[in-house]
Amino acid sequence: MSKFFIEKSQIKDNKACIVGDDVAHLVKVLRVQTGDKLLLCDGDGTDFETKVSSVSKEQVVVDILDSHPSQTEPTTEVTLYQGLPKQGKMEWIIEKCTEMGISRIVPVQMERSVVRLSAEQAEKKQQRWAKTAEAAAKQCGRGKIPEVCVPVALSSLKREALPEFLLLPYEAEKSHTMQEALQENRAKSVGIFIGPEGGFAEKEVLFLQELGAKCVTLGPRILRTETAGLAALTILLYEWGDLS
């Protein structure tokens, strides 16, 4: 059953109206017809089982048969603070982390980030990245579309605005494993900090430790920036039972 995201404003009196780009996909690609079943989601964790009642070039109207909480969302909200990578890598990171269950992605400008974005460039990138997250959420059946934020400077982060538990995978950490850190702590919200291609500057590590981040190792091999966040997210969800 195909799944599509809609706004809550599109739902009224046990009916929903699908508009925009999804209509063309439904009509031209899936060739949806009256009576076909569709699975809709409000992007806030509620799924709707529906049946198509009318089809046109402008909209697809469905009757809502049932609604229930999405079964695809992790119980832990995980935010990835990703050091801005070279061009093209962020889309891959967003896509794969969305598939695994990330809740939020915050691109972070760090000292060793090669990419430098103006305010206008950052805004345009965020809009494109948000579409990447939405497309990935549709493909893998998520109940929520991960939030992708406008890039921020690392120094602008404040403890009160960060998740409850903070993890810092760091190549210089050799003894404290991520599994040990996860067994010692359990939180409803977690932040994972990943450096860009050149890694963290030492002063950035000290800054994040002052914010409460715990340095951990992901193993004896140094992972690429586009691999490290996905690996850390997978370990976390597995250790806390969200992949069972």
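Scroll up a little and you will see the structure.
One structure accompanies this document, and this report is about it. Because the structure is a prediction, the values reported are computed rather than measured.

A closer look at the environment of E160
Here is step 1: Mapping E160 onto the fold places it in the loop between β10 (152–153) and β11 (165–169).
Here is step 2: Here the alpha-carbon distance between E160 and E173, two residues 13 residues apart in the chain, equals 26 Å.

What to know about the environment of R104
Here is step 1: Mapped onto the elements of the fold, R104 is located in strand β8 (residues 104–109).
Here is step 2: For R104, a relative accessible area of 26% corresponds to the partly exposed category.
Here is step 3: In the structure, R104 is positioned 81 residues away from N185 in sequence and 21 Å away in space, judged by C-alpha atoms.
Here is step 4: Beyond its immediate stretch of four places on either side in the chain, R104 contacts V78, T79, L80, Y81, E147 and C149.
Here is step 5: Side-chain polar atoms of R104 contact the side chain of E147, separated by 3.2 Å.

Concerning the sheet that holds strand β3 (residues 15–18)
Backbone-to-backbone hydrogen bonds join strands into a sheet, with any given pair of strands oriented parallel or antiparallel.
Here is step 1: Within the open sheet, the six strands sit side by side as β1-β4-β5-β6-β3-β2. Their pairing is mixed. The open sheet has two free edges, formed respectively by β1 (3–5) and β2 (11–12), since each of these has just one partner strand.
Here is step 2: Packing against the sheet, helix α1 (residues 21–29) makes contact with β1, β3, β4 (37–41), β5 (46–55) and β6 (60–69), and its axis sits at approximately 160° to β1.

Notes on the nonpolar core
Here is step 1: In this structure, L80, C97, F165, L167, I192 and L236 are the most contacted members of the largest nonpolar core, which totals 29 residues.
Here is step 2: Elements supplying a minimum of two residues to this core: β7 (77–83), α2 (89–100), α3 (119–140), β11, α4 (178–184), β12 (189–194) and α6 (225–239).
Here is step 3: Looking at this core, the element that brings in the most residues is α6, giving six residues.
Here is step 4: Formed by 18 residues, the second largest nonpolar core is a distinct cluster that contains Y81, C149, L166 and C215.

Calculation notes
- Residues numbered from 1 in each chain as written.
- Predicted model: local features only at pLDDT ≥ 70, side-chain atom pairs only at ≥ 80, totals over all residues.
- Heavy atoms only, no water.
- Helix = DSSP H or I, 4+ residues; strand = E, 2+ residues; numbered from the N terminus.
- Buried < 20%, exposed > 50% of the residue type's maximum accessible area, 1.4 Å probe, protein only.
- Contact = heavy atoms within 4.5 Å.
- Polar contact = N/O pair within 3.5 Å; in protein donor to acceptor, adjacent residues only side chain to side chain.
- Pairing = 2+ DSSP bridges.
- Axes fitted to C-alpha atoms, helices over the stretch in contact; angles between N-to-C directions.
- Core = buried A, V, L, I, M, F, W, Y, C linked by side-chain atoms within 4.5 Å.

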